Amino acid sequence: MTDLIFTNKKPTSRDVARLAGVSQSTVSRALNGAATESKVKEASYNKIRQVAEQIGYRPNLLARSMISGKSNIIGLVIGDKLGPFYQSVITEFIKQTQLQGKNCLVFQLDKRQKIEDILEKVLQFQVEAIVVTAPALSQASAEVCSTAQVPLILFNRFQEGLDSNMVYTNSYQGATLAAHHLLNANHQHFGYIRYHEDTAEEKEKARAFKDFLNKNGVKEIHEIKAEYTYESGYQAFLELYTNHPQITALFCTSDLMAYGAMDVARNELGLNIPENLSIIGYDNLPMSQWKSYQLDSIAQPIIQLVDETLQAILTMVNKSTKANSLVKIIDVELVQRNSVKKREG
C-alpha cells in the first residue's frame, strides 16, 4: 500500500477507497456496520478498516445525516436540578440509546430559559425525537415539535390536558404502597415530607397517601414541603417533629429527603429507627442499601422506563408516526429493608 502524506488536508473516504482498491460506496457500507451487516466481503471489509485506521480517516456523521435525512440522534432535555435518580436515568438512557445504534444529545434546561426556546435549539440538531424530563411543558411547547414532525415524549412526567406522548411510573400506586406499608405496621401518627412544587406526580402522591390513610380511619397527617435534597429533608423533619413530636411514621417523596430525616432523627432528636420512628422513601436509590440507612423505599424501574421510551421512539421513527397518542404507565414496587417496624398494641 502506498503511504499518503497529509498536511493540512483531512483524509477522505475517496482516499480510503483508492488505497483499498474499492469503490467509495463500498467504503461507506464497510464503515457503517459490521461485515455481515454491510454486505461487504470480509477481505475487503478488513482492508478498508485497516486503511482507514492507518490514514486516520473517520466518517463524518453530520455530513451523512444531511445526505440521508437521518441523524440517529435522540435529544434528551433535563431539568436544572439533577439528583441521583436522574443521573442514573441519563447514564441508562445514553447506554441504551447507543445499543440501538443511535446517539444521545443532552440539554439542560435553566430556570431562566423557556422550554420552547430549548426545544427550538434541540431541533436545530436534526434530532429524530426529543425526550423531556423537565417538569413544566406547555401545549405550545408540544406544538413546536409537532410542527417540526419530531416525536416528543415526556419521560416519567404526567401532565393532564397535554397532547403529547408520555411514559411514566404510577405515582398513585407508589404512595398507596407507602401508606399501606406504614399503616400495616400499626402506625396512627403520620408525618409527610413532599416536594415543594405542585407537579402532577407530587399531587398524585399526596392524593393517594392521604386518601388511603383517611379511608382507613387515620386523620392525623402532618405535612411539610421541602426540596429533593438531603439538607432540605434534614431541616424539614427537624421542624416537623419539633412541632409534632407524636409522629411515629414518616413518608418522604424522595430518598434524599429520607436520608436527611433519618440523620436528624438519630443525631439531634435522639430517636431510634425503626423502634421510635418508621421511615419510607421514594426512588430506591443505591444509598438506600447502605448499612447506615437500610431504607424501605418505593422503587421506580429505571431500566424499564428507558426501554419503553426508546421502543416508543423507534416505533414512531421507523413508521414515521408523529401522532401524540402514547401513554404508558409503569408499575412501581415496595422494597423492604429495615426502616419500618411494626408497633406493639
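Coordinates for the structure precede this section.
To start, this report covers the structure provided alongside it. Since this is a predicted model, take the numbers as computed values, not measurements.

The next thing to look at is the overall build of the protein. The secondary structure content of the protein amounts to 13 helices and 12 strands. Relative to its full complement of 345 residues, the protein shows a buried share of 48%. In the protein, 70% of the contacts between residues at least 6 apart in sequence involve partners at least 24 apart.

Phe93, Ile193, Phe237, Leu250, Leu277, Ile279 and Ile313 are the most contacted members of the largest nonpolar core, which totals 50 residues. Once residues lying within four places of it in the same chain are set aside, the contact partners of Phe93 are Ile74, Leu76, Cys104, Val131, Val306, Thr309 and Leu310. Core analysis: the next-biggest nonpolar cluster, separate from the first, contains 23 residues, Leu109, Val122, Ala134 and Leu154 among them.

Of the two faces of strand S8 (residues 249-252), both are covered, the one formed by Ala249 and Phe251 as well as the one formed by Leu250 and Cys252. Looking at chain direction, strand S6 (residues 190-195) and S8 are connected through four bridges and run parallel. Counterpart to Tyr192 in the pairing with S8 is Phe251. In the classification by handedness, the crossover that spans S8, the intervening helix H12 (residues 255-267) and the parallel strand S9 (residues 278-283) is right-handed.

Let us now look at the pairing of strand S10 (residues 296-299). Side chains Asp296 and Ile298 of S10 all project onto a buried face; the interleaved residues Ser297 and Ala299 project onto the opposite face, where all are buried too. Pairing of S9 with S10, which is carried by four bridges, proceeds in the parallel orientation. The residue bridging Asp283 from the neighbouring strand is Ala299, located in S10. Pairing of S10 with strand S12 (residues 333-335) involves three bridges; the strand directions are antiparallel. Across the sheet, residue Ser297 finds its bridge partner in S12, namely Val335.

Here we come to the side chain of Thr309. Looking at the secondary structure, you find Thr309 in helix H13 (residues 302-318). The residues contacting Thr309, other than those within four sequence positions of it, are Phe93, Val131, Ile153, Phe155 and Val167.

Within the fold, Ala185 resides in the loop between helix H9 (171-184) and S6. For the pair formed by Ala185 and Ala249, sequence separation is 64 residues and the distance between their alpha carbons is 9.2 Å. Each residue touching Ala185, except ones within four places of it in the same chain, is listed here: Val340, Lys341, Lys342 and Arg343.

Taken as a whole and judged by the stated rule, the model has 11 aromatic pairs. Consider the rings of Phe85 and Tyr86, whose centres lie 5.0 Å apart with planes at 90 degrees: the pair is edge-to-face. As far as burial versus exposure is concerned, Phe85 and Tyr86 are alike and both buried. Between the aromatic rings of Tyr230 and Tyr234, the centroid separation amounts to 6.1 Å while the plane-to-plane angle is 45 degrees, which identifies the pairing as tilted. Of this pair, Tyr230 and Tyr234 both sit in helix H11 (residues 230-243), four residues apart, roughly one helical turn. Exposure remark for Tyr234: the relative accessible area of 16% places this residue in the buried category. One Lys or Arg, Lys205, reaches over the ring of Tyr282 and ends 3.9 Å from the middle of that ring.

Because the α-helix completes a turn every 3.6 residues, residues three or four places apart line up on one side. Here helix H4 (residues 42-55) is 14 residues long and its end C-alpha atoms lie 20 Å apart, about the 20 Å a rise of 1.5 Å per residue gives. Buried within H4 we find Tyr45, Ile48, Val51, Ala52 and Ile55. The buried residues of H4 occupy one face: seen down the axis, they fall within an arc of 135 degrees. The exposed residues of H4 that point more than 90 degrees off its buried face are Glu42, Ala43 and Glu53. Just past H4, the residue Gly56 takes up positive phi, approximately 75 degrees.

Let's shift gears to the sheet that holds strand S3 (residues 129-132). Reading across from one edge, S2-S1-S3-S4-S5-S11 is the order of the six strands in this open sheet, with parallel pairing throughout. Among the strands making up the open sheet, the edge pair consists of strand S2 (103-108) and strand S11 (327-330). Adjacent strand axes in the sheet meet at a mean angle of 20 degrees when their direction is disregarded. Here four bridges tie strand S5 (residues 165-169) to S11, and the two strands are oriented parallel to one another. Residue pairing in the sheet places Met166 in a bridge with Val327 of S11.

Under the definition given, this model contains 14 salt bridges. The closest approach of N and O atoms between Lys95 and Glu92, which form a salt bridge, is 3.4 Å. Of the two residues, Lys95 and Glu92 are both situated in helix H6 (residues 84-99); the distance of three residues between them amounts to about one turn of the helix. The class for Glu92 is buried, based on a relative accessible area of 11%. Salt-bridge contacts for Arg194 lead to Asp198; the nearest nitrogen and oxygen are separated by 2.6 Å. On the accessibility criterion, Arg194 (6% relative accessible area) is buried. A residue is classified by how much of its surface remains accessible, and Asp198, at 44% relative accessible area, is partly exposed. Here the residues in one salt-bridge network are Arg194, Asp198, Glu202, Lys205, Lys210, Glu223 and Lys225, joined through shared partners.

About the thresholds
- Residues numbered from 1 in each chain as written.
- Predicted model: local features only at pLDDT ≥ 70, side-chain atom pairs only at ≥ 80, totals over all residues.
- Heavy atoms only, no water.
- Helix = DSSP H or I, 4+ residues; strand = E, 2+ residues; numbered from the N terminus.
- Buried < 20%, exposed > 50% of the residue type's maximum accessible area, 1.4 Å probe, protein only.
- Contact = heavy atoms within 4.5 Å.
- Core = buried A, V, L, I, M, F, W, Y, C linked by side-chain atoms within 4.5 Å.
- Pairing = 2+ DSSP bridges.
- Right-handed = clockwise from strand over helix to strand, strands pointing away.
- Phe/Tyr/Trp six-rings, centres within 6.5 Å; stacked < 30°, edge-to-face > 60°.
- Lys NZ or Arg CZ within 6 Å of the ring centre and 35° of its normal.
- Expected span 1.5 Å × (residues − 1).
- Arc of directions from axis to C-beta.
- Axes fitted to C-alpha atoms, helices over the stretch in contact; angles between N-to-C directions.
- Salt bridge = Lys/Arg side-chain N within 4 Å of Asp/Glu carboxyl O.

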